[in-house]
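Here is what each chain is made of, one letter per residue.
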Amino acid sequence: MSTTLHPRAGCRASVRGVVQGVGFRPFVHRLAIRYQVDGWVRNASGEVALGLEGEEDALHAFLAALRQEAPPLARIESVTVDWTEPTGLSGFVIEVSEDQPGARLPVPPEIALCPACEAELLDPMNRRYRYPFITCTDCGPRYSIIQRLPYDRERTTMRAFTPCPACELEYQTPGNRRHHSETNSCAACGPALWYECRGAADPDAVAEGALREAARLLEGGGILALRGFGGFHLAADATSPEAVELLRRRKGREAKPFAVMVRSVEEARRLAVVSAAEEELLQSPERPIVLLQARAEAALAPAVAPGVGTLGVMLPSTPVHLLLAELVDRPLVMTSGNRTDEPIAIGNQEARRRLAVIADGFLLHDREILSRVDDSVLRVVQGEPVYLRRSRGYAPLPVPLPVASPVPLLAVGPHLKNTFTLAIGDQAWVSPHIGDLEDLEGLEHFRQTLAVYRRLFALEPAAVAYDLHPGYLSTRLAHELNLATMVGVQHHHAHIAAVLAEHGEEGPAIGVAFDGTGYGSDGAVWGGEILHADLRGFQRLAHLRYAPLPGGDLAARRPWRALLGLASLDGSLRGVAQRALSEVPETELALVERQLASQINSPLTSSVGRLFDAAAALLGLRGAAAYEGQAAMELEHLAGSRTAAEYPMPLEEGEDGGFVLDPVPLLVRLGVRRQRGADPADLAADFHASLARGTELAVRRAAELAGCATVVLAGGVFQNARLLASVRTRLELARFRVLTASALPPNDGGVSYGQAAVAAARLARPLTS
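Residues numbered from 1 in each chain as written. Predicted model: local features only at pLDDT ≥ 70, side-chain atom pairs only at ≥ 80, totals over all residues. Heavy atoms only, no water.

Attention now moves to the pairing of strand 9 (residues 232–237). Extensive coverage of strand 9 is indicated by the burial of six of its six residues. With burial as the criterion, each face of strand 9 is covered, one bearing Phe232, Leu234 and Ala236 and the other bearing His233, Ala235 and Asp237. Bridge count between strand 8 (residues 224–227) and strand 9: four bridges; the pairing is antiparallel. Its bridge partner lying in strand 9, Leu224 is registered against Ala235. In this structure, the hairpin formed by strand 8 and strand 9 is closed by a connection of four residues, where Gly231 is found at a positive phi of approximately 155°. Here strand 9 pairs with strand 14 (residues 332–336) via five bridges, running antiparallel. (Buried < 20%, exposed > 50% of the residue type's maximum accessible area, 1.4 Å probe, protein only. Helix = DSSP H or I, 4+ residues; strand = E, 2+ residues; numbered from the N terminus. Pairing = 2+ DSSP bridges.)

Written out as structure tokens, the structure is:
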């Protein structure tokens, strides 16, 4: 390529990071043309490798542009350059990928339809007009279809589709947007789309015909199962009360909010308030579900998201979703393709078997899915994104560890909202959302996903980290591995460690861990903890006052039980709670009171999550919940942004040498005000403000004891936007440095990463050293 008479130089370069499946090699080829550089580029299992020759100035310019102009989906972690003598390379080629067993490279996630492909999809003059599987180097499926690395077509499920001459020419043409696009295809050579109704395929319902049949079904109030990137969605007309109620009955999802899909941000604004930060998230290449403030006047069925004041909204992520949205031209419920609490279906046969009792029709395709990946969910708090679920579009991108693990490590995560983490050195790969490990289906999903991760990242664990709860299925899985090195990690320590580690820190910090339940070091049910912690260990400095929790886990679905447990500590609270408890059947109330009196199945708890339940029951908001967290979500909605009064939560000396934050006086004040006719919405706001104030005072006391000015906020309670914003603002005004979850969810979805961070730190520097 180069004909210069100036002295030539040569080098070999290694680029590490997210550099496969993102158009990196074609980008390198374009740079070579621009700077008249000869050589080659190829994928290797642990890197992208380059051999370069040309004028020395041109090589330096090339390497600078390599770092500065990388494709939008690439994430360069390092570029290593070794200068060599030129060997007479001529021209520039993209070489066949090199397989290096044992090498590791980040696996790219699914990326939504890019603007260039969307324009072609909707252009009647383009050869891919309305082609449902249009992709390029900047968009399309990745993780869900990759069998192994390096990332080439023959190592994905796209190997089943041989490119036609036109697609092959695009693939081979430098400068073409589909140059070395491994998912490239068209209607002549790519995957097929078809529609089935009750197991019967209509020969005319293919491609555009399939989309039109699916649209007719939705417009008529039916339920559609459609195959997306990482599994199936169930869709229904979100404006039809009958369709939404039908979906709830068939799916077994009584009240938990549904997400809706709309065509554009403009349509989203008709349903909800959309800030600039939320708009950016909605339109991002990851296309997550974004939790927005719902508009009261939104033209949606009441059962879409009852009682919570927020609405999960997503834009189409695949060409199929976009084309369907355009045909139906109304908001669509878009929920996971499963019965409640089961893994999402990914295969056509699996969907026919499992979803036949829910869906009236199926929109299917033959591009096979190897790995399940559910939708990601985020919300924005004080202008910053907060993950509620990290999955499609984000997993399996690595999250660095501040202390490198000296051995391959598996962290199996918690029981609910499970993820697992594989780690080696300073890299950790957190799995997509697995869900609750309540049954054999959830367990099989865990095992299948773990097998995928072990294969993709060439990792065989030598150590396992697990939760201390002896009854968790994940804990049993850890013991079944029979590994020589096992590291037990307390649940709330893992929460705090996860936030520390994602910020690249080892601690120490004052950790505030507020959640539903976690097994405590003393055998009690923790959930309102203030710890002085680093990655290797912790000291419990304070906690919410213990109260009995009659029925244990059952109380999460019966908020009045949490109220009765707290009321058993104080006669005044029992008196003001009588109005709320009067709605409980007498026989059930008497049974639970006998449980409390005899201390049968009434473990002690310090859970802030159950405190929210108790407050919701006290205010008459909810005595029974259809799903965990429902009462707390409705309490947050009721509080809104109202101005609030603050009531004291006393700090008292504890028996364990720490101190106790007592919520009972707060609940008594709220109960008295309710008896006097106060607006429950005002009382809900007062509860939030008072808890934030009590948390601030407890942190101040803990910081004085520990001599520490860094505070970590972690745990599922901090999904509550009002509480998170209030506590963070108070602490920052008090000159504390506050760290919150930003790369992973604050809820149990981040626990496995925290376990991995703790285990890595302990293995690198044992506690006994």
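What follows continues from the structure just given.
Our focus in this paragraph is the sheet that holds strand 20 (residues 463–467). On the basis of which strands lie adjacent, the open sheet formed by four strands has the order 19-18-20-21 and mixed pairing. The sheet terminates laterally at strand 19 (421–430) and strand 21 (485–489), the two strands that pair on one side only. Sheet twist, expressed as the mean angle between neighbouring strand axes with direction ignored, is 55°. On the sheet, helix 13 (residues 491–502) packs against strand 18 (399–411), strand 20 and strand 21 and is oriented at approximately 95° with respect to strand 21. Helix-sheet contacts for helix 23 (residues 751–764) involve strand 18, strand 19, strand 20 and strand 21, and the interaxial angle to strand 18 is about 85°. (Axes fitted to C-alpha atoms, helices over the stretch in contact; angles between N-to-C directions. Contact = heavy atoms within 4.5 Å.)

Turning next to the sheet that holds strand 3 (residues 47–55). Taken in spatial order, the five strands line up as 4-1-3-2-5 in an open sheet, and their pairing is mixed. Both outer strands of the open sheet, strand 4 (75–84) and strand 5 (92–94), are each paired with one neighbouring strand and no more. For this sheet the average axis-to-axis angle between neighbouring strands, irrespective of direction, equals 15°. Pairing between strand 2 (residues 38–44) and strand 5: three bridges, direction parallel.

On to the pattern of salt bridges. Two side chains bearing opposite charge may form a pair once their charged atoms approach each other closely. Counted according to the given criterion, the structure contains 48 salt bridges. Between Asp152 and Arg155 there is a salt bridge; the shortest N-O distance is 3.0 Å. Just as Asp152 is buried, Arg155 falls in that class too. Residues Glu154 and Arg155 are paired through a salt bridge, measuring 3.8 Å at the closest nitrogen-oxygen approach. On the accessibility criterion, Arg155 (9% relative accessible area) is buried. It is possible to trace a salt-bridge network through shared partners that takes in Arg25, Asp152, Glu154, Arg155 and Glu182. (Salt bridge = Lys/Arg side-chain N within 4 Å of Asp/Glu carboxyl O.)

What follows is about the packing of helix 18 (residues 608–618) against helix 19 (residues 630–639). Two numbers describe how helix 18 lies on helix 19: the axes approach to 8 Å, and their chain directions differ by 65°. By crossing handedness, the relation of helix 18 to helix 19 is classed as left-handed. Contacts between helix 18 and helix 19 involve Phe612, Asp613, Ala615 and Ala616 from the first element and Ala631, Ala632 and Leu635 from the second. By residue class, the composition of the contact of helix 18 with helix 19 is six nonpolar, no polar and one charged. (Left-handed = near helix turned anticlockwise from the far one by under 90°. Nonpolar A, V, L, I, M, F, W, Y, C, P; charged D, E, K, R; others polar.)

Keep in mind these values describe shape, not function.
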